[in-house]
Amino acid sequence: MMVMEKIYNSREEYDLDHECCPKCNSKKYQTTCLGAFFFEGKPFKDRNQVSCNCGWCGIVDDLVKE
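The written sequence of each chain sets the order in which its residues are numbered from 1. Owing to the predicted nature of the model, reporting of local features is limited to residues with pLDDT of at least 70; listing and counting of side-chain atom pairs is limited to 80 or more, with chain, interface and lining totals taken over all residues. Calculated side-chain values reflect all of the structure's heavy atoms, with hydrogen atoms and water omitted.

A. Broad picture of the side chain of His18. Within the fold, His18 resides in the loop between helix H1 (11-17) and strand E1 (29-31). Polar contact is defined as a pair of N or O atoms within 3.5 Å, subject to the rule that within protein one atom must be able to donate a hydrogen and the other to accept it, and that residues adjacent in sequence are counted only when both atoms are side-chain atoms. Here the side chain of His18 touches Tyr14 through a polar contact of 2.8 Å, landing on its backbone oxygen. Here His18 is in contact with Tyr8, Tyr29, Val60, Asp61, Leu63 and Val64, once residues within four sequence places are set aside. Helix and strand definitions here come from DSSP, where helices need a minimum of 4 consecutive H or I residues and strands a minimum of 2 consecutive E residues; each element is numbered from the N-terminal end. Here a residue-residue contact requires only that any non-hydrogen atoms of the pair lie within 4.5 Å.

B. Quick peek at the nonpolar core. In plain words, nonpolar cores are sets of buried Ala, Val, Leu, Ile, Met, Phe, Trp, Tyr and Cys residues tied together by side-chain atoms within 4.5 Å. Burial here depends on accessible area, computed with a 1.4 Å probe over protein chains only, as a share of the maximum for the residue type. Under 20% is buried, over 50% is exposed, and the range in between is partly exposed. Residues Tyr8, Tyr14, Cys21, Phe44, Val50, Cys52, Trp56, Val60 and Leu63 constitute the largest nonpolar core, which totals nine residues. With near-sequence residues (within four places) excluded, Val50 lies in contact with Tyr29, Gln30, Thr31, Trp56, Cys57, Gly58, Ile59, Val60 and Leu63.

C. Examining the packing of aromatic side chains more closely. Aromatic rings from Phe, Tyr and Trp, taking only the six-membered ring of Trp, are treated as a pair when their centres fall within 6.5 Å; an angle between ring planes under 30 degrees marks them as stacked, one over 60 as edge-to-face, and anything in between as tilted. Following the criterion strictly, the structure yields three aromatic pairs and no others. Taking 4.7 Å as the distance between ring centres and 85 degrees as the angle between the ring planes, the aromatic pair formed by Tyr14 and Phe44 counts as edge-to-face. Residue Tyr14 is located in helix H1, and its partner Phe44 is located in the loop between E1 and strand E2 (49-52); the two are separated by 30 residues in the primary sequence. Here Phe44 falls in the buried class, since its relative accessible area comes to 8%. Both rings, one in Phe38 and one in Phe44, keep their centres 5.4 Å apart while their planes meet at 75 degrees; by these two values the pair is edge-to-face. Joined through ring pairs, the aromatic side chains of Tyr8, Tyr14, Phe38 and Phe44 make up one cluster.

D. Here's a closer look at the pairing of E2. The alternating pattern of E2 places Val50 and Cys52 on a buried face, while none of Gln49 and Ser51, on the opposite face, is buried. Both E1 and E2 contribute to a ladder of three bridges, which runs antiparallel. Bridge pairing links Gln30 to Ser51 in E2. Strands are labelled as partners when DSSP assigns at least two bridges between them. In this structure, E2 lies alongside strand E3 (residues 57-59), joined through three bridges in antiparallel fashion. Bridge assignment links Val50 to a residue of E3, and that residue is Gly58. Linking two consecutive strands that pair antiparallel, namely E2 and E3, is a turn of four residues; a positive phi of about 105 degrees is found at Gly55 within it.

The following block contains the structure:
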């Protein structure tokens, strides 16, 4: 089964879908700040590292919608 990547029209739209920890639903986490280039209409995956206060670790793309 092939998973289709959602195409975003803006970085703000992407950020709204990736703002909470998938384990505890918190927005209180630390992330690395490496540049992630967003191009409108192209697949995008923010691979900056995230660590939440609950102990969960992953990448920004693993965060979930509020």
